[in-house]
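Chains, contacts and geometry: an overview
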Amino acid sequence: MQAGIVSYGAYVPRYRITPEEIGRVWGSDGAAMGQSLNVHRKSVPSPDEDTITISTESLRTALVRGAIDPQQIGAIYVGSESHPYAVKPTATVVAQAVGATPNLTAADFEFACKAGTAAIQTCLGLVGADMIRYGVAIGTDTSQGAPGDALEYSASAGGAAFVIGRDRVICRVLRTLSYTTDTPDFWRREGQKYPSHGGRFTGEPAYFRHVTECARGIMEASGTTPKDYRHVVFHQPNGKFPQRAGKILGFSDEQMRYGLVTPFIGNTYSGAALIGLANVLDHAGPGERILMVGYGSGAGSDAFDLETTEEIRSYDRSFGRPVEWYLEHGIELSYAVYAKFRGKIHMGGE
Amino acid sequence: MSIARFWRETPRRYNLGGSKCTNCSTVYFPPRAVCPECTHHRQSIEKMVPFQLSGDGEVLSFTVVHDPAQGFEMQVPYVVALVETVEGPILTGQVVDVDPPEVRIGLQVHATFRKLREEGKAGVIHYGYKFAPTEEPSGPSPPRGSPAPIPAEPPSAQPRAPA
């Protein structure tokens, strides 16, 4: 049987901050900024949360939902641009914390915001080649924008884990296709705390070119048009870019209804498209076709042509929280507490 | 804390790995090699098996910390509680994702995986269990699952916390 998604789980930290509150501190019109980005709130991790803890929480949910024995996992790949260690893999801690060690391979992936989708492709290859029974692909970030930078209005925290296998597949992967170029739209140099970006250059030659070309490429290869898909999920650095990409390609707002989560939790970077897909799967019945197109700066896109199966009817989603819960809940913080939580306050002696 | 000491405790801190006496079904956390509940301790020899707690429990007692331990300055005020797990053992742990006034005796909690402390900016980061409310004050949440399968047989004797 074809490799596909066997189980999934998502996790978003509890705290939120609004663009109005960020703008209040920097003397900007935060409401207008939020409106133009289509980001109404963004998630903020607690001081004791990072990419390792978020990845672990989302994978634990996925394993319980799918009743998967962690010892049957042959590979764990964690995609992120905010790994807590520069050297020591996030995946090793996650593997230990879910009881998957020691007989598995594990590694960290980095490709700006698309490291999680790259991890899914790797797992599909390993499972498809019958080298492992289950592969785990996780996309998580706790990324930050520099204080006062436009990124600060959207950079948030969250993640999702997908278990790839061949038994009891709830969502088949019909095809995957990538589009990669050298495009320096967004980067972070070694040792730098905050990323840099090319402003408007992140739009047309970067996000829109890669996402639309990759989407057109996979639809051409599959012989499909936007009408063939019930749902579409794009990488969502803000709420506006994916809406415009959808419009360019000919998708309706209804097709994007569940896949667009950034307006409520912000840009979770490597987690963004995957949390959108998790929300789609939370609502999907059998036989629903889904197009997902991730994007990572630097730059590249990974597209997936997906279709849910009859197995999704009996898939037990009652464990853990649905994505919608995270979209609707959250405790709002003042900028001062947000700055404390995110380590933006100089404590002296450092 | 030395790297080796924390590393040795990883199974407990990450996965709530305890032990269970298959003679009287008492569950222990941290794990014990001999069961003090059995009338003759020798009855439990070679009958103690690894047992993973589900992480579900309720607050037995708690305190709100305003004068933090080193490394917890960013989380003040925070809650430390005695949590009675459904399997019996009573664990001490921080309760997170809750405002201190909302914590009460009997609050249903589940184990969550969090950063415990860092050895400075360049040192090792320690992870382990903390607890979070099963229900958010702003609305109920769906039931949580155990992080991994646990033996189906429930403890028949009234378990007690390890000494």
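In case you missed it, the structure is sitting above this.
Now for a quick tour of the structure. Note that this is a predicted model, so its numbers are computed, not measured. (Residues numbered from 1 in each chain as written. Chains lettered and ligands numbered in written order. Predicted model: local features only at pLDDT ≥ 70, side-chain atom pairs only at ≥ 80, totals over all residues. Heavy atoms only, no water.)

1. Focus: the environment of Asn38(A)
Residues and elements named next belong to chain A. This is how the line gets drawn: For the purposes of this entry, the term helix denotes a DSSP run of H or I that reaches at least four residues, the term strand denotes a run of E that reaches at least two, and both are numbered from the N terminus. Contact definition: two residues touch when any of their heavy atoms are within 4.5 Å. Whenever two N or O atoms come within 3.5 Å, that pair is a polar contact, provided that in protein one can donate a hydrogen and the other can accept it, and provided that, for residues adjacent in sequence, both atoms are side-chain atoms.
Mapped onto the secondary structure, Asn38 falls in the loop between helix H2 (30-37) and strand S3 (42-44). Spatially, the C-alpha atoms of Asn38 and Thr262 are 8.1 Å apart, while their sequence positions differ by 224 residues. With residues near it in sequence (within four places) discarded, Asn38 still touches Gly239, Lys240, Gln243 and Pro263. Looking at Asn38, its side chain comes within polar contact range of the side chain of His40, at 3.2 Å.

2. Thoughts on H2(A)
Residue and element names in this part refer to chain A. Rules: For every residue, the accessible area obtained with a 1.4 Å probe (protein chains only) is divided by the maximum for its type, and the residue is called buried under 20%, exposed over 50%, and partly exposed between those limits. Within this analysis, the arc is defined by the directions that extend from the helix axis to the C-beta atoms.
Residues of H2 that are buried include every one of Gly30, Gly34 and Leu37, and no others. In an axial view of H2, the angular spread of the buried residues amounts to 75°, which keeps them on one side of the axis. Against the buried residues of H2 lie helix H1 (19-26) and helix H7 (240-249). One or two residues past the end of H2 sits Asn38, with phi positive at roughly 55°.

3. Regarding the interface of chain B and chain A
Quick note on the threshold: Buried area: the accessible surface (1.4 Å probe) lost by two parts on joining, summed over both. Any Lys or Arg side-chain nitrogen located within 4 Å of an Asp or Glu carboxyl oxygen qualifies as a salt bridge. Note that Gly is not counted as nonpolar here; it falls among the polar residues with everything else outside the nonpolar set of Ala, Val, Leu, Ile, Met, Phe, Trp, Tyr, Cys and Pro and the charged set of Asp, Glu, Lys and Arg.
Chain B puts 35 residues into the contact, and the matching count from chain A is 33 residues. Across the chain B to chain A interface the summed buried area is about 2900 Å²; carbon plus sulfur atoms make up 52%. Counting the contacts that link chain B with chain A gives three salt bridges. In this structure, Asp48(A) and Arg114(B) form a salt bridge, with 3.0 Å as the shortest nitrogen-oxygen distance. Counting across the interface, chain B meets chain A through 12 residue pairs in polar contact (both at pLDDT 80 or more). Classifying every residue of the side of chain B that touches chain A by side-chain character gives 15 nonpolar, 11 polar and nine charged.

4. Focus on the state of the cysteines
Our working rule: The rule for a disulfide is simple: a pair of cysteine sulfur atoms within 2.5 Å.
Inspection of every chain in the model, using the stated rule, returns zero disulfides over all chains. Cysteine Cys171(A) shares no disulfide, and the gap to the nearest cysteine sulfur, in Cys123(A), comes to 15 Å. Given the relative accessible area of 0%, Cys171(A) is considered buried. Here Cys35(B) stays free of any disulfide, with the sulfur of Cys24(B) as its closest cysteine sulfur at 3.6 Å. Owing to a relative accessible area of 0%, Cys35(B) belongs among the buried residues under this scheme.

5. Some words on the side chain of Asn279(A)
You can see Asn279(A) is positioned in helix H9 (residues 272-283). Once residues lying within four places of it in the same chain are set aside, the contact partners of Asn279(A) are Tyr258(A), Val261(A), Val323(A), Glu324(A) and Leu327(A).

6. Some words on the sheet that holds strand S6 (residues 134-142) of chain A
Remark on secondary structure: sheet strands pair via backbone hydrogen bonds, oriented parallel or antiparallel. Residues and elements named next belong to chain A. Note the cut-off: Strands pair, by our definition, only if DSSP identifies at least two bridges between them. Here an axis means a line fitted to C-alpha atoms, over the contact stretch when the element is a helix, while the angle between two N-to-C directions is reported on a 0 to 180 degree scale.
Strands sit in the order S5-S4-S6-S7-S1-S8-S13-S12-S11 across an open sheet of nine strands; the sheet is mixed. Strands at the two margins of the open sheet, each flanked by one partner only, are strand S5 (105-109) and strand S11 (231-234). Put simply, the sheet's adjacent strands are angled 20° from each other on average, direction ignored. Pairing geometry for strand S8 (residues 171-183) and strand S13 (residues 298-308), over 10 bridges, is antiparallel. For Ser178, the partnering residue across the bridge sits in S13 and is Asp302. Sheet contacts for helix H4 (residues 90-97): strand S4 (73-79), S5 and S6; angle to S4, the most-contacted strand, approximately 135°.

7. Remarks on the layout of surface pockets
This is how it is decided: Using only the protein atoms, space was sampled on a 1 Å grid; points where a 1.4 Å probe fits but cannot get out form cavities, open sets with protein on both sides within 12 Å along at least five of seven lines form pockets, and lining residues are those with an atom within 4 Å of a point. Grid points are joined across faces, edges and corners, and a volume is the space filled by probe spheres set on the points.
Considering only enclosed or pocket space, the largest pocket measures out at about 2100 Å³ in volume. Lining the largest pocket are 50 residues, and of these Pro84(A), Lys193(A), Lys115(B), Glu118(B) and Lys121(B) sit closest to its centre. Within the residue set of the lining of the largest pocket, elements represented by two or more residues are strand S9 (186-187) and helix H11 (335-341) of chain A together with strand S7 (108-118) of chain B. For the lining of the largest pocket, the element with the most residues is S7(B), which contributes four residues. In terms of residue class, the lining of the largest pocket is built from 15 nonpolar, 17 polar and 18 charged. Approximately 650 Å³ is the volume found for the second largest pocket. Lining the second largest pocket are 27 residues; nearest its centre among them are Gly199(A), Thr202(A), Gly203(A), Asn238(A) and Phe241(A). Breaking the lining of the second largest pocket down by element, the ones donating at least two residues are H2, helix H6 (203-222) and H7 of chain A. It is H6(A) that provides the largest number of residues to the lining of the second largest pocket, a total of five residues.

8. What about the packing of H6(A) against H7(A)?
All names here are of chain A. Note the following rule: Angular relationships are summarised with four words: roughly parallel below 35 degrees, roughly antiparallel beyond 145, roughly perpendicular across 65 to 115, and oblique for the angles in between. Here a crossing is taken to be left-handed if its near helix is turned anticlockwise relative to the far helix by less than a right angle, and right-handed if that turn runs clockwise.
One can describe the packing of H6 onto H7 by two numbers: an axis separation of 10 Å at closest approach and a directional angle of 45°. Classed by the angle they form, the pair H6 and H7 counts as oblique. By crossing handedness, the relation of H6 to H7 is classed as right-handed. Listed contacts from H7 to Gly203, Glu204, Tyr207, Phe208, Val211, Thr212, Ala215, Arg216 and Met219 of H6 are Phe241, Pro242, Arg244, Ala245, Ile248 and Leu249. Of the residues that constitute the contact of H6 with H7, the class distribution is 10 nonpolar, two polar and three charged.

9. Overview of the sheet that holds strand S2 (residues 15-17) of chain A
All names here are of chain A. What the three strands build is an open sheet, ordered S3-S2-S14; its pairing is mixed. Each of the sheet's edge strands pairs with one partner strand only, and the pair in question is S3 and strand S14 (331-332). With three bridges connecting them, S2 and S3 associate as antiparallel partners. Its bridge partner lying in S3, Arg16 is registered against Ser43.

10. Let's talk about the environment of Pro30(B)
Residues and elements named next belong to chain B. Take Pro30: it is sitting in the loop between strand S2 (27-28) and strand S3 (48-52). Relative accessible area serves as the criterion here: at 38%, Pro30 is assigned to the partly exposed category. Residues Pro30 and Glu135, 105 residues apart in the sequence, show an inter-C-alpha distance of 27 Å.

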